[in-house]
Amino acid sequence: MLKTRILTALVLLAVLLPVLYSNNFTAFAVVVTAFFGAAVWETFRLFNPKSNKAAIVAVFWTAAFAWTFFFSANGAAQTFWFVISVLVWALRFVPSLKIGLPALDSAANTMLSLTYAVSLVGCFAAIVALYAYSPLYLLSVLVIVWCADIFAYFSGKAFGKRKLAPSISPGKSWEGAIGGGIAVLVLATLAIVLANEQLAGTFPIRVQASLGWAATYLVLILIVAASIVGDLFESQLKRRAGMKDSSNLLPGHGGVLDRIDALVPVLPLAALIGAWL
């Protein structure tokens, strides 16, 4: 399993990094659209595990996404999607971690599935916006989430005692979450202090240059917290649907949602903060 996981990760990097830095917007648009389609397909399977219409729904949403953000001028209103995404996470999805999810066969579940799909649009619209600023800027936000996740895992293994959300994801601990957050703050501080021309366009350095140290730390803590919420919410969806992974599209990793769950709330938030700088 570990060998398969590493091999899949290497293949993904071999595809994604050249696309990011090839300066080929068509290739970027194709890859983003493909990942969006896979994420929407997995989403509607999680919300409607007995339905056979997830592929049809995914085709419709993917075509609408591609038209809006790659073929029409409507993609210019991206800030709207960032605001909507941040609001639905704060007002609807975060409370779900406490109050639970509606029954699968209910109208409330249908509405929630549409709301989550809208948040996916915001996430991928943010990918387009952050990439437009620079590939490095987009990558720097991704690295924040990846570092939080990696160090949370090792911190949890070493020190984890108090469960973060035992009914949703028993493996996560408060110690792990705090360890991941501390690691992000330390690494971001080093990146800012030791910044050179190559790092000047990264998210933490841009935030610090505009808002100062205190605000930078608050922003990074908020991003780490948002990544944890995104991870927990998808775990909650999988537990309700009785699924271990969102799909088996990525051998050793599960599905696309399993790889981007923490990014779904983070990227619109980062893009919205970046738009204010």
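Preceding this section is the structure that the text describes.
All of these numbers come straight from a predicted model, not from anything done at the bench.

Digging into the overall build of the protein
Looking only at helices and strands, the protein features eleven helices and two strands. Secondary structure elements in the protein, listed N-terminal to C-terminal, are α-α-α-α-α-α-β-β-α-α-α-α-α. By the compact-globule yardstick of 19 Å for 277 residues, the protein fits well, its C-alpha radius of gyration being 18 Å. Counting only C-alpha atoms, the protein reaches 55 × 50 × 40 Å along its principal axes. Classification of the 277 residues of the protein by burial places 48% in the buried group. Long-range pairs, those at least 24 residues apart, make up 73% of the contacts in the protein between residues at least 6 apart in sequence. For the protein, the accessible area works out to roughly 13800 Å², and carbon and sulfur atoms hold 70% of it.

Points about the environment of A214
If you trace the backbone, A214 turns up in helix α9 (residues 213–241). Accessibility expressed as a relative area gives 57% for A214, which makes it exposed. Placed 202 residues apart in sequence, A214 and L12 show a C-alpha to C-alpha distance of 35 Å.

Some remarks on the side chain of T8
Note that T8 resides in helix α1 (residues 2–21). Note on T8: relative accessible area 10%, which makes it buried. Excluding residues that lie within four positions of it along the chain, T8 makes contacts with L250, P251 and H253.

Some words on the layout of surface pockets
Computed from the structure, the second largest pocket encloses a volume of approximately 250 Å³. If you trace the second largest pocket, you find 14 residues lining it, with S140, V143, I144, A191 and P204 closest to the centre. Elements that contribute at least two residues to the lining of the second largest pocket include exactly α6 (135–159) and α7 (174–193). Per element, the largest residue contribution to the lining of the second largest pocket is six residues, and it comes from α6. Residues of the lining of the second largest pocket, tallied by class, amount to twelve nonpolar, two polar and no charged.

Points about the pattern of salt bridges
The full count for this structure, using the stated rule, is four salt bridges. The closest approach of N and O atoms between R162 and E175, which form a salt bridge, is 3.2 Å. Here R162, found in the loop between α6 and β1 (163–165), pairs with E175, found in helix α7; they are 13 residues apart in sequence, far enough to count as distant. R162 gets classed as exposed once you look at its relative accessible area, which sits at 52%. A salt bridge links K238 to D258; its shortest N-O distance comes to 2.9 Å. Taken together, the residues span a long stretch of sequence, with K238 in helix α9 and D258 in helix α10 (residues 256–260) at a distance of 20 residues. The same class applies to K238 as to D258, namely buried. One network of salt bridges, in which partners are shared, links E234, K238 and D258.

A word on the packing of helix α5 (residues 107–133) against α6
Two quantities define a packed helix pair, namely the angle between the helix axes and the distance between the axes. At a minimum axis distance of 5 Å, the contact between α5 and α6 shows a crossing angle of 130°. With respect to each other, α5 and α6 are oriented oblique. Of the residues in α6, those touching α5 at I127, L130, Y131 and Y133 are P135, Y137, L138 and V141. Residue composition of the contact of α5 with α6, by class: eight nonpolar, no polar and no charged.

Some points on the nonpolar core
With 81 residues, the main nonpolar core has F28, Y116, L120, F124, F203, I260 and L267 as its most contacted residues. Looking at this core element by element, the count peaks at 14 residues for α5. In this structure Y116 touches T43, F47, W89, F93, F233, L257 and V264, once residues within four positions along its chain are discounted.

Side note on the packing of aromatic side chains
As enumerated under the stated definition, the model contains 24 aromatic pairs in all. Ring geometry for F25 against F28: centres 5.7 Å apart, planes inclined by 40°, an arrangement best described as tilted. Remark: F28 and F25 occur in helix α2 (residues 25–47); sequence separation between them is three residues, near one turn of the helix. The exposure class assigned to F25 is partly exposed, which follows from its relative accessible area of 41%. On the numbers, 6.1 Å between centres and 70° between planes, the contact of W89 with Y116 is edge-to-face. One end of the pair, W89, is in helix α4 (residues 78–99); the other, Y116, is in helix α5, with 27 residues separating them in the sequence. Residue classification places W89 among the buried positions, given a relative accessible area of 4%. Counting every residue linked through ring pairs, the aromatic cluster contains F25, F28, F36, F65, F69, F70, F80, W81, F124 and Y131. One cation-aromatic arrangement involves R45 over W41; the distance from NZ or CZ to the ring centre is 4.8 Å.

Rules used in this analysis
Residues numbered from 1 in each chain as written. Predicted model: local features only at pLDDT ≥ 70, side-chain atom pairs only at ≥ 80, totals over all residues. Heavy atoms only, no water. Helix = DSSP H or I, 4+ residues; strand = E, 2+ residues; numbered from the N terminus. Rg over C-alpha atoms; globule rule 2.2 N^0.38 Å. Buried < 20%, exposed > 50% of the residue type's maximum accessible area, 1.4 Å probe, protein only. Contact = heavy atoms within 4.5 Å. Areas by Shrake-Rupley, 256 points an atom, 1.4 Å probe, with all protein chains shown as cover. 1 Å grid on protein atoms, 1.4 Å probe; cavity = no way out; pocket = protein on both sides within 12 Å on 5 of 7 lines; lining within 4 Å. Points joined across faces, edges and corners; volume = space filled by probe spheres on them. Nonpolar A, V, L, I, M, F, W, Y, C, P; charged D, E, K, R; others polar. Salt bridge = Lys/Arg side-chain N within 4 Å of Asp/Glu carboxyl O. Axes fitted to C-alpha atoms, helices over the stretch in contact; angles between N-to-C directions. Parallel < 35°, antiparallel > 145°, perpendicular 65-115°, else oblique. Core = buried A, V, L, I, M, F, W, Y, C linked by side-chain atoms within 4.5 Å. Phe/Tyr/Trp six-rings, centres within 6.5 Å; stacked < 30°, edge-to-face > 60°. Lys NZ or Arg CZ within 6 Å of the ring centre and 35° of its normal.

The values reported here are purely geometric and, on their own, carry no functional implication.
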